[in-house]
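# Geometric and topological summary
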Amino acid sequence: MAGKTQRASPVSQRNIGPCNIGHFRRALLAWYEANRRDLPWRRTRDPYSIWLSEIMLQQTRVSGVLEHYRVFLERFPNITALASASEDAVLAAWSGLGYYRRARMLHQAAREIVEHHGGRFPHSVEASRALPGIGRYTAAAIASIAFQESVAVVDGNVERVLHRLEGRALTSRQTWQRAQEFLSPSRPGDFNQAMMELGATVCLPREPRCLICPLRPWCAAQGEVARRKPAPRQQRKQIWCALEHRNGAVRLVRRSKKLSLMAGMWELPQSTDPPRGSPHDGHWRTFRHSITVTDYTVHVLRGQAHNGKVLASRGKWVAIEEIPAMPITGLTRKILKVEGII
Ligand code: SF4
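Notes on the structure in this doc start here. What you see is a predicted model; the values in this text were computed from it and never measured.

We now examine the overall build of the protein chain. Looking only at helices and strands, one finds 13 helices and 8 strands in the protein chain. Evaluated residue by residue, the protein chain yields a buried proportion of 49% over its 342 residues. When the accessible surface of the protein chain is summed, it comes to about 17400 Å², and 50% of that surface belongs to carbon and sulfur atoms.

Turning our eyes to something else, we now look at the site of the ligand. Near the ligand lie 10 residues; those nearest to it are R164, C203, C210, C213 and C219. Looking at the shell around the ligand, its residues break down into 6 nonpolar, 2 polar and 2 charged.

Overall, the coordinates contain 17 salt bridges when judged by the stated rule. Put simply, E67 and R70 hold a salt bridge, and the shortest N to O gap is 2.6 Å. With a gap of 3 residues between them, E67 and R70 both fall in helix α4 (residues 62-75), about one helical turn apart. For R70, a relative accessible area of 41% corresponds to the partly exposed category. The salt bridge involving R255 is made with E267; its shortest N-O contact spans 3.2 Å. With R255 in the loop between β3 (249-254) and β4 (266-267) and E267 in strand β4, this residue pair connects regions lying 12 residues apart in the sequence.

Okay, the sheet that holds strand β5 (residues 270-271) next. What the 4 strands build is an open sheet, ordered β5-β1-β7-β6; its pairing is mixed. A single partner strand is all that each edge strand has here, and the edge strands are β5 and β6 (283-291). In the sheet, strand β1 (residues 235-243) pairs with strand β7 (residues 294-302) via 9 bridges, with the strands oriented parallel. Residue pairing across strands places L243 opposite R302, the latter belonging to β7.

Now for the nonpolar core. Among the nonpolar cores identified, the biggest contains 96 residues, and W51, F72, W94, L215 and I335 are the most heavily contacted of them. Ranked by residue count, the leading element in this core is helix α9 (residues 136-147), at 9 residues. In terms of domain composition, this core takes at least three residues from each of domain 1 (13-218) and domain 2 (235-339). Ignoring anything within four residues of it in the chain, the contact list for I335 reads C241, L243, L268, W284, F287, V298 and V300.

Right, let's get into unusual backbone geometry. The backbone of Q59 sits at a positive phi, close to 65°, despite the residue not being glycine. Tracing the backbone through its elements, the reader meets Q59 in the loop between α3 (47-57) and α4. Positive phi, close to 55°, is recorded for Q148, a residue that is not glycine. Along the chain, Q148 turns up in the loop between α9 and α10 (156-166). Among the residues examined, Q148 registers a relative accessible area of 30% and is labelled partly exposed.

The next point concerns the side chain of S184. One can find S184 in the loop between α11 (172-182) and α12 (188-201). Other than its neighbours up to four places away in sequence, S184 contacts R25, L29 and F191.

A word on the pairing of β7. Counting buried positions along β7 yields 8 of 9 residues, so the element is predominantly enclosed. In terms of strand pairing, β6 meets β7 through 8 bridges, oriented antiparallel. Pairing of S290 across the sheet is with D295, part of β7. Hairpin remark: β6 followed by β7, antiparallel, with 2 residues in the connecting loop; positive phi at T292, about 45°.

Its 14 residues give α4 an end-to-end C-alpha distance of 20 Å, which sits within 8% of 20 Å, the value for a rise of 1.5 Å per residue. Of all the bends in α4, the largest measures some 25° and sits at H68. Of all the residues in α4, the buried ones are V65, Y69, F72 and L73. The secondary structure elements touched by the buried residues of α4 are α3, α5 (79-83), α6 (87-94) and α7 (101-117).

Before going further, it helps to spend a moment on helix α13 (residues 330-338). Restricting attention to buried positions, one finds in α13 the residues G330, L331, T332, R333, I335 and L336. Downstream of α13 by a residue or two, G340 has a phi angle that is positive, lying close to 80°.

So, on to the side chain of N192. Within the secondary structure, N192 sits in helix α12. Side-chain polar atoms of N192 contact the side chain of S144, separated by 3.0 Å. Look past the residues within four positions of N192 in its chain and what remains in contact with it is S144, V151, A152, V153 and L183.

The rules behind these values
Position numbers for residues count from 1 along each chain, tracking the sequence in the order it is written. Where totals are concerned, whole chains, interfaces and linings use all residues; where local detail is concerned, this predicted model gives features only for residues with pLDDT of at least 70, and gives and counts side-chain atom pairs only at 80 or more. Side-chain figures throughout are based on the complete set of non-hydrogen atoms in the structure, without hydrogens or water. Strands here mean DSSP runs of E at least two residues long; helices mean DSSP runs of H or I at least four residues long; both are numbered from the N terminus. Classification of residues uses two cut-offs on accessible area relative to the type maximum, computed with a 1.4 Å probe and protein chains only: under 20% is buried, over 50% is exposed, and between them is partly exposed. What sets the accessible areas is the Shrake-Rupley method with a 1.4 Å probe; for residues, cover comes only from the shown protein chains. Throughout, the term near means that a residue has one or more heavy atoms lying within 4 Å of the molecule or strand in question. Throughout, the ten residues Ala, Val, Leu, Ile, Met, Phe, Trp, Tyr, Cys and Pro are labelled nonpolar, Asp, Glu, Lys and Arg are labelled charged, and all others, Gly among them, are labelled polar. Any Lys or Arg side-chain nitrogen located within 4 Å of an Asp or Glu carboxyl oxygen qualifies as a salt bridge. Two strands qualify as a pair provided that DSSP identifies no fewer than 2 bridges between them. By nonpolar core is meant a set of buried Ala, Val, Leu, Ile, Met, Phe, Trp, Tyr and Cys residues that side-chain atoms within 4.5 Å join together. In this entry, domain limits derive from an automatic or database-based domain assignment. Whether two residues touch is decided by their heavy atoms; if any such pair falls within 4.5 Å, the residues are in contact. One fewer than the residue count of a helix, multiplied by 1.5 Å, yields its expected span. Two axes enter the bend calculation: one fitted to the seven residues ending at the residue in question, the other to the seven starting there, and the bend is the angle between them. We define a polar contact as two N or O atoms separated by no more than 3.5 Å, with the added condition that, inside protein, one atom must be a possible hydrogen donor and the other a possible acceptor, whereas residues neighbouring each other in sequence contribute only through side-chain atom pairs.

Next up, the structure:
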């Protein structure tokens, strides 16, 4: 409960032992069955679909993933289809989700699965962890949900729940160990998802909803929320984009493949320096756009008014019908959609 100051004895957490661990698991699983969000990747045991959802959900909210997940699966319905696609086609389908390195790794891993595992996602955690982009958490999530392996997962939500149950911070090793001890051996996939769901919807970072929490009888913290580090301060920047559109084509520029952010993606010509002349010349519209810790104010200039600095002569003309199959940045997609070009 938010603001509740009464602290339960840490002894309450130690009450989770061989005598009542079954009660603890049943309480969590019953709560999950009654309260879980109906999400498309929870309606399947297909390891490819679960893997895809886990990769998309890294650094992206559920609401931002849903439509991309549906479209991506339509475009690449299985590992073989993904492996045989070009990288540009994969990046195009990922466009708008950000953190494109995830898409590249997914694609590489699909190719390795076809080459070394006959196109079937490997059952063992060790084999899946050897694939690009699959770490301890993702391997355990897929193994437990798709294959019912008794391996616990720890993500940020599970970690928070476990620390609060314990009433103190745990080391990483202790956290994984506790997660494994608590795991239901008969329903590991559901149990892991229940822990994550509880952290995402009840044991919230700032205001845990302890009054409705099924784990309250075993929780040492019960609303006593550790002081959180302040969120990293957002930077603010301005950029100017040139939107040139004629004869069924748009001028686009390809980002360097050496960049750490959105490498190799296509975008409208842009600059962080304002164009010469009146700032109002050719100004069409201003957008707000956030990428990681930076909030951009994006000024879109149309026509030739931006001539004179950086923007005008760069890039190449790309036919509009080619754009949906190209890896374009989320900001460029947003601008072209608002303009009605795509
Ligand atoms: Fe509150 Fe439950 Fe989180 Fe404990 S686990 S802090 S009772 S929401």
